[in-house]
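Residue-level structural notes
What follows is the residue order along each chain.
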Amino acid sequence: VRGSNHWSYKMMKEVREWLEPLLVKVMSVVHPETQEDWYQCFSEISADRDPRRILWLLKCLLKNPLNEGNGSFIDSCRLSLIQAVLSQQEWRIPSLLKEVSTFLSTQLDHPFKNVREKIGSLFSGIYLMDVSSLGFQILYSPLLPDLVEMFSQHIPNPQELITVTPDSQTLKICKTAMNVIVHAYQPSAVELYHIFSMVLPLAAYEDDDEIGQLIKLMCKQLCRCELSPEKIPSIISILRKAALSGLWKVKIPVLLILQVLAFWNLFTFSSSSSAIDDLVDLLLLLMEDTQIEVRELAASTVSGLVRCGFLSHDKVKILFSKQSRTKIPKKPKEETDSGMPGQEGHLVRRHCGVLGLAALVEACPYTVPEWLPDIVDELSTHLHDPAPIPSTVKKTMSEFKRTHHDNWREHKLKFTEDQLSALSDLLVSPSYYA
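So, a few notes on the structure that sits alongside this text. Because the structure is predicted, anything quoted here is derived from the model rather than measured. (Residues numbered from 1 in each chain as written. Predicted model: local features only at pLDDT ≥ 70, side-chain atom pairs only at ≥ 80, totals over all residues. Heavy atoms only, no water.)

1. Overview of the overall build of the protein chain
Our working definition: Helical segments are the DSSP runs of H or I of at least four residues, strand segments are the runs of E of at least two, and each set is numbered from the N terminus. C-alpha atoms define the radius of gyration, and 2.2 Å times the number of residues to the power 0.38 defines the globule rule. Burial classification: accessible surface area is computed with a 1.4 Å probe over protein chains only, and a residue below 20% of its type maximum counts as buried, one above 50% as exposed, and the rest as partly exposed. Any two residues whose heavy atoms approach within 4.5 Å are treated as being in contact. Under the convention used here, a 1.4 Å probe and the Shrake-Rupley method define accessible areas, while residue burial counts only the protein chains that appear. Charge assignment in this entry is limited to Lys and Arg as positive and Asp and Glu as negative, and neither His nor the chain termini are counted. Here the site of a charge means NZ on Lys, CZ on Arg, CG on Asp, or CD on Glu.
For the protein chain, the helix and strand inventory stands at 22 helices and zero strands. Over its C-alpha atoms the protein chain spans a radius of gyration of 28 Å, topping by over 25% the 22 Å that the globule rule assigns to 434 residues. Judged by the C-alpha coordinates and their principal axes, the protein chain covers about 100 × 45 × 45 Å. Across the 434 residues that make up the protein chain, the buried fraction comes to 49%. Expressed as a percentage of contacts within the protein chain between residues at least 6 apart in sequence, the contacts between residues at least 24 apart total 71%. Entry remark: accessible area of the protein chain is about 22500 Å², with carbon and sulfur atoms responsible for 53%. Positive and negative charge centroids in the protein chain, built from 45 and 52 side chains respectively, lie 2 Å apart.

As structure tokens, then:
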């Protein structure tokens, strides 16, 4: 095909009439051993070619591309070959990209996993040409907002989403949407975070193991991307809305993304005080969550921000010291300011303060700044608080001992005698005969 680039129309017509039926037959008998070879073949045919010269090949590939009678492997191979050709043409065929997108929109609930993965990958390639976030746009190319609109028409609200059955069409559509993010070439696009927020309620879905794997892959994809300063407020807003509108299991993926996303874009965040404020406000809000797993993960993120200089240790110390002194009433009141039951609400707030102080200790794993001994001493006063506060204190002090063991002779000089005595009580288990 490449050798016939400059042939006459008559000669090209003869080649086409001979080759087209042969390629149709080939695409229906591809084997796992030859799949990569045919992918490379179609990719080389399309590379650096005028689309008008190979339009017949493109039309041949798009003729009935999915036929369940051929089996899921043949269908997935057919989509791979289509992607191989389209990816080489890039911006040259916007009308054809829209045609493929329209066809794939009717196959969002395909029953086979490997085909849904290829559909997601193909969608990512089609919408790769949407570079509007960079300040310009390729004429007539498909736009990511259209992809968001497509999925929003099929994905219900969070309350209905977590009640779907494992074999429902809605769940299959959500898996296809997840595969779009997993295979995304530009995961920094704000629209992908919109799609992520749509399917995030499924983090609480326990009837399908594939859902959990896809959510982990989405988190890995979305957290490792470079963001421009103008995108950060929108992304933080989307993640905030997603975290506060679902069950506690929904908040865990949001925190996992924020942990890496902030450090991956360290200098971008540092150049915008409003971005840091939005991030910190969301973390502090999650630290007061009623679920202990969410509070601990949020505290771990705060610790990393302090270590990187995002947060001033003085402000964090003042805030969490005040919260750690929250009094827990003996008899529960009707309701607290936080809207939670009296005793539980006060306990959560107190635990939040202790976790914040523990985050400061963990932010200095191999050094002892001047302000650290006072925090360690304050943590020692919470050893006999109601659960789960004592376990947090013991875990923090055990980690402190492990990381400061090698240079403890130098570190202990920064503690007073009373502080060393309190620290010893924390680190040494009481005797059974005491």
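Resuming the write-up.
2. Digging into the pattern of salt bridges
Oppositely charged side chains can pair when the atoms bearing their charge come close. So the rule is basically this: Any Lys or Arg side-chain nitrogen located within 4 Å of an Asp or Glu carboxyl oxygen qualifies as a salt bridge.
One pass over the structure, following the stated rule, counts 13 salt bridges. Here the salt bridges share partners, and the residues they tie into one network are R116, K175, D208 and E210.

3. Notes on the side chain of Q419
What counts is decided by this rule: Any pair of nitrogen or oxygen atoms within 3.5 Å is treated as a polar contact; in protein, a donor-acceptor pairing is required on top of that, and neighbouring residues in sequence qualify only through side-chain atoms on both sides.
As for its placement among the helices and strands, Q419 is situated in helix α22 (residues 417–427). Accessibility expressed as a relative area gives 10% for Q419, which makes it buried. Side-chain polar atoms of Q419 contact the side chain of D374, separated by 3.2 Å. The residues touching Q419, leaving out its near neighbours within four places in the chain, are P373, D374, D377 and K414.

4. A short note on the nonpolar core
Selection rule: What makes a nonpolar core is a set of buried Ala, Val, Leu, Ile, Met, Phe, Trp, Tyr and Cys residues whose side-chain atoms join them at distances within 4.5 Å.
Grouped together as the largest cluster of nonpolar side chains are 127 residues, with contacts concentrated most on F123, L147, F151, Y193 and L279. Ignoring anything within four residues of it in the chain, the contact list for L279 reads I236, L258, A262, F269, L305 and F310.

5. Considerations on the environment of K175
Position of K175 among the secondary structure elements: in helix α9 (residues 169–182). Sequence separation between K175 and L108 is 67 residues, and the spatial gap between their C-alpha atoms is 8.7 Å. Residues contacting K175, with those up to four places away along its chain left out, are R116, D208, E210, I211 and L214.

6. Things to note about a negative patch on the surface
Selection rule: Patch definition: residues above 30% relative accessible area lacking any salt bridge, with like charges linked at up to 9 Å and the nonpolar side chains Val, Leu, Ile, Met, Phe, Trp and Tyr linked at up to 5 Å.
Where like charges cluster on the molecular surface, the negative patch consists of D374, D377, E417 and D418. Going through the elements one at a time, α19 (372–380) and α22 are the ones with two or more residues in the negative patch. If you trace the backbone, D418 turns up in helix α22. Owing to a relative accessible area of 64%, D418 belongs among the exposed residues under this scheme.

7. Topic: the side chain of K172
Relative to the helices and strands, K172 resides in helix α9. With no salt bridge to any partner, buried K172 finds its closest opposite charge in D167, at an N-O distance of 6.3 Å. Those residues in contact with K172 that sit more than four places away from it in its chain are L108, D109, H110, P111, R116 and D167.

8. Considerations on the packing of α9 against helix α11 (residues 209–223)
Rule in force here: Comment: axis = line fitted to C-alpha atoms, over the contacting stretch for helices; angle = value between 0 and 180 degrees taken between N-to-C directions. When an angle is under 35 degrees it counts as roughly parallel; over 145 it counts as roughly antiparallel; between 65 and 115 it counts as roughly perpendicular; any other value is oblique. Less than a right angle of anticlockwise turn of the near helix away from the far helix marks a crossing as left-handed, whereas a clockwise turn marks it as right-handed. Gly falls in the polar group here, along with every residue not listed as nonpolar (Ala, Val, Leu, Ile, Met, Phe, Trp, Tyr, Cys, Pro) or charged (Asp, Glu, Lys, Arg).
Running from N to C, α9 and α11 cross one another at 30°; their axes reach a closest spacing of 9 Å. By the angle between their directions, the pair α9 and α11 is classed as roughly parallel. As for the relative orientation of α9 and α11, their crossing is left-handed in sense. Of α11, the residues touching α9 (which contributes L171, K175, M178, N179, I181 and V182) are E210, I211, L214, I215, L217, M218, Q221 and L222. Grouping the amino acids of the contact of α9 with α11 by side-chain chemistry returns 10 nonpolar, two polar and two charged.

9. A short note on the packing of aromatic side chains
Rule in force here: Between rings of Phe, Tyr and Trp, where Trp is taken as its six-membered ring, a pair exists when centres lie within 6.5 Å; planes separated by under 30 degrees are stacked, by over 60 edge-to-face, and by other angles tilted.
Under the definition given, this model contains seven aromatic pairs. Ring plane angle 55° and centroid distance 6.4 Å describe the contact between W38 and F42, whose orientation is recorded as tilted. Taken together, the positions of W38 and F42, both in helix α2 (residues 35–46) and four residues apart, correspond to about one turn of that helix. Take F42: its relative accessible area is 0%, and that puts it in the buried class. Ring pairing ties together the aromatic residues F123, Y127 and F151, which thus form one cluster.

10. Considerations on α11
For clarity, the cut-off: What a helix is expected to span follows from its residue count: subtract one and scale by 1.5 Å.
Taking 1.5 Å of rise per residue, the 15 residues of α11 would be expected to cover 21 Å, and the 22 Å separating its terminal C-alpha atoms lies within 8% of that figure. Check the buried side of α11 and you find it contacts α6 (113–126), α9, α10 (190–199) and α13 (248–264).

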